[in-house]
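In case you want the letters, here they are:
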Amino acid sequence: MKLLNELLGFAVLTGPLWLIVILLSLAFWIAVKVAKRFERRSTKIAVGLLVFLLVFFVPLGDEITGRIYLSYLCATEAGAKVYKTIELPAEYWDEQGKPKFLAPNGFVDMKLLPNRFGWHNIDEPYLDLVIKIEKRRSQFVDKTTQNVLGEKITYMRHFGWINHFSPAPNIGMSCRDLGGEFNRDELFRKEREQDQTFFQSIFKPARTIRSGR
């Protein structure tokens, strides 16, 4: 029952309400018609429920499957990867060895880093069948050497056909949107910690600083 309620809620959120109502009514009507063909009460209930679920959820199959697969990709393949480290001189670190390039909100301020570093974004198709998913890579690059120092990988799923009937259709959802169970403050905190971990894994104090301590 809990799973059914979650799927119903998901269907309402991903599609226009009027179409969901039509599907519900149609599924219920067909389920009742088919169930009446059987005599035993238990069989009627079982068959009716099965038919209802098939009629209602088959049209939403791409939405449901897409969300499940996106959740899998976000849990197993998305995230930050560091490939190279860079040593920064003393002016980028305080007396405790903490980075000075952190903004007051805890995120890295690119203006406080040498301008040789920047981001290069790549969107590439990952799956384009019934379900359409894109892989998004934000590469942190040393522009002087063209070396990729690290990258952040996420995935974005395009909503299915039912979303096109909505008066205000959305494009899709990304791994970040799956964090809806967290409040905004919790989501902000997690993103801030991930940002700090990513950059502090790339940038290290110069050896002359470390040896002088």
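Residues numbered from 1 in each chain as written. Predicted model: local features only at pLDDT ≥ 70, side-chain atom pairs only at ≥ 80, totals over all residues. Heavy atoms only, no water.

S.K.: Quick rundown of the side chain of Lys135? Include the residues and the values.
M.R.: On the secondary structure map, Lys135 appears in strand β4 (residues 132-142). One buried charged residue, Lys135, forms no salt bridge at all, with the nearest opposite charge on Glu124 at 4.2 Å. Residues contacting Lys135, with those up to four places away along its chain left out, are Ile122, Asp123, Glu124, Tyr126, Ile153, Thr154 and Tyr155. (Helix = DSSP H or I, 4+ residues; strand = E, 2+ residues; numbered from the N terminus. Buried < 20%, exposed > 50% of the residue type's maximum accessible area, 1.4 Å probe, protein only. Lys, Arg positive; Asp, Glu negative; His and termini not counted. Salt bridge = Lys/Arg side-chain N within 4 Å of Asp/Glu carboxyl O. Contact = heavy atoms within 4.5 Å.)

S.K.: Can you break down the nonpolar core residue by residue, with the values?
M.R.: Within the largest apolar cluster, 14 residues are counted, with the highest numbers of intra-cluster contacts made by Leu88, Phe101, Leu113, Phe117, Phe140, Phe199 and Phe203. No other element matches helix α5 (residues 184-202), which puts three residues into this core. In this structure, Cys74, Tyr155, Met173 and Leu178 belong to the second largest nonpolar core, which totals 11 residues. (Core = buried A, V, L, I, M, F, W, Y, C linked by side-chain atoms within 4.5 Å.)

S.K.: Just give me the short version of the pairing of strand β5 (residues 147-158), but keep the residues and values in it.
M.R.: Relative to β5, strand β1 (residues 79-82) is paired through four bridges, and the arrangement is antiparallel. Bridge pairing in β5 links Val82 to Gly150. Where β4 lies against β5, 10 bridges are found, and the strand directions are antiparallel. Paired with Gln139 across the two strands is Glu151, which belongs to β5. (Pairing = 2+ DSSP bridges.)

S.K.: Outline unusual backbone geometry, listing residues and values.
M.R.: Notably, Gln146 is not glycine yet its phi reads approximately 65°, a positive angle. Following the sequence through the fold, Gln146 ends up in the loop between β4 and β5. Classification of Gln146 as exposed rests on a relative accessible area of 56%.

S.K.: Hey, could you go over a positive patch on the surface for me, with residue numbers and the actual values?
M.R.: A surface patch of like charges, here positive, comprises Lys33, Lys36, Arg41 and Lys44. Note that Lys33 resides in helix α2 (residues 17-35). When its relative accessible area of 45% is taken as the criterion, Lys33 is described as partly exposed. (Patch = residues over 30% accessible without salt bridge, like charges linked within 9 Å, V, L, I, M, F, W, Y side chains within 5 Å. Areas by Shrake-Rupley, 256 points an atom, 1.4 Å probe, with all protein chains shown as cover. Charge placed at Lys NZ, Arg CZ, Asp CG, Glu CD.)

S.K.: Tell me about the state of the cysteines, and name the residues and values.
M.R.: Evaluation of the coordinates by the stated rule reveals one disulfide. Paired through a disulfide, Cys74 and Cys175 show a sulfur-sulfur distance of 2.0 Å. One disulfide, between Cys74 and Cys175, carries an S-S torsion of -85° and so falls in the left-handed class. In this pair, Cys74 is assigned in helix α4 (residues 61-76) and Cys175 in the loop between β6 (172-174) and α5, connecting sequence segments 101 residues apart. (Disulfide = S-S within 2.5 Å.)

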